[in-house]
Amino acid sequence: MTGVVLAAMPIVGCTSRHLLSFLLWVFFALAAGLLTGATAGAESAVLLPYPAPDDFGVIPASTYDEQGRRVGEAAVLVEQLPNENVAVRLHGGFDGGARVEFDAELTPVMVDGRRMLRTLKERSQAHDPDGKPLVTLEIDHQTGHGRCVPPGAGSGRTSEIELPAPDRVVNVPLNLLFQPIGKGQTDSVDTQAFFCLGGARVMGFTGEVVDRDREKTVDGRIIREIKYGPDGRGLLSWAAQPLAPKISFWVDAARDGAYVAHRMPLYSRGPVVYFIADGVDPKLVLPQ
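About the thresholds
Residues numbered from 1 in each chain as written. Predicted model: local features only at pLDDT ≥ 70, side-chain atom pairs only at ≥ 80, totals over all residues. Heavy atoms only, no water. 1 Å grid on protein atoms, 1.4 Å probe; cavity = no way out; pocket = protein on both sides within 12 Å on 5 of 7 lines; lining within 4 Å. Points joined across faces, edges and corners; volume = space filled by probe spheres on them. Helix = DSSP H or I, 4+ residues; strand = E, 2+ residues; numbered from the N terminus. Nonpolar A, V, L, I, M, F, W, Y, C, P; charged D, E, K, R; others polar. Buried < 20%, exposed > 50% of the residue type's maximum accessible area, 1.4 Å probe, protein only. Disulfide = S-S within 2.5 Å. Phe/Tyr/Trp six-rings, centres within 6.5 Å; stacked < 30°, edge-to-face > 60°.

Bringing the layout of surface pockets into the picture now. Estimates place the volume of the largest pocket at around 330 Å³. Where the lining of the largest pocket is concerned, the elements lending two or more residues are β2 (57-64), α3 (174-177) and β15 (258-265). Looking at the lining of the largest pocket, the element that brings in the most residues is β2, giving 4 residues. Class assignment for the residues of the lining of the largest pocket results in 12 nonpolar, 4 polar and 6 charged.

To continue, consider unusual backbone geometry. With an omega of 5°, the peptide bond running from A165 to P166 counts as cis. By secondary structure assignment, the location of P166 is in the loop between β9 (159-162) and α3. A positive phi angle, near 55°, is found at D219, a position not held by glycine. Using a relative accessible area of 71% as the deciding quantity, one classes D219 as exposed.

With that out of the way, let us pick up the state of the cysteines. Note: disulfide means a covalent bond formed between the sulfur atoms of two cysteine side chains. A complete count under the given rule lists 1 disulfide for this structure. Here C148 pairs with C196 through a disulfide, and the sulfurs are 1.9 Å apart. With the S-S bond torsion at -90°, the cross-link from C148 to C196 turns out left-handed. Linking C148 in strand β8 (residues 145-149) with C196 in the loop between β10 (188-195) and β11 (201-209), this pair joins segments that are 48 residues apart in sequence.

So, on to the packing of aromatic side chains. All chains considered together, the criterion is met by 7 aromatic pairs. Plain terms: the ring middles of F195 and F205 are 5.6 Å apart, the flat faces sit at 50° to each other, and that makes the pair tilted. One end of the pair, F195, is in strand β10; the other, F205, is in strand β11, and 10 residues separate them in sequence. For the pair F195 and F205, a shared accessibility class is recorded, and that class is buried. Members of the aromatic cluster, joined through ring pairs, are F178, F195, F205, Y228, F249 and Y259.

Spelled out as structure tokens, the structure:
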């Protein structure tokens, strides 16, 4: 889903090795407009599963900090729009403090007689602990552009790039992206993530299932963990690996990959939180 504000985080008090990686990352980031391709894609190349009837609606959730304390409300919403498109929305964070909101709109497509979804647009907006809005991430798959819009800024400060061709960017509907892993149909998915650290750019990302021997089974649930991060296949992605935010996603393998929880920073250099669906024992997700 974040979902996720996929914005890499500067390192404070880093080692010389991390500093070297960071400097390399900055160098490649400056050239990202060249590295990510100059041809705009006409549409997303990623096809996502169409939600089952039971997947529509609101999943109430709560936000927890890294110490396991509940700090606020959260929710995941999947709904059908009047134009038959599907919206995926997520919000969460600290009550009265830092928070984040994600939105995506997807359109149904038929592939070999099967109804799937193609993402049309994605948006994420974070707020700092004082409630002030931070950079807005906007992805328009139809025009093939990604934008980073600072709060209250004129168009001159907006950072914009053309998305790579093919466009495999998935920032928000991670609950749909990871369903095939939850169902056991695959152990990994390869995508791209859109970032706004130092300007708009795209990076190769991979979601991979964690060792299945570590899955937790309780109350009829099979909690499967998925790690999501840079794939390390390009110079920018390789340099970013030590510094990229640690994002994890949990699904219920006993319920066709239904959403359970995810872990992410609310924004660059922001607090790391857990969004956990109500009814799930936080101990199944939080580190012990």
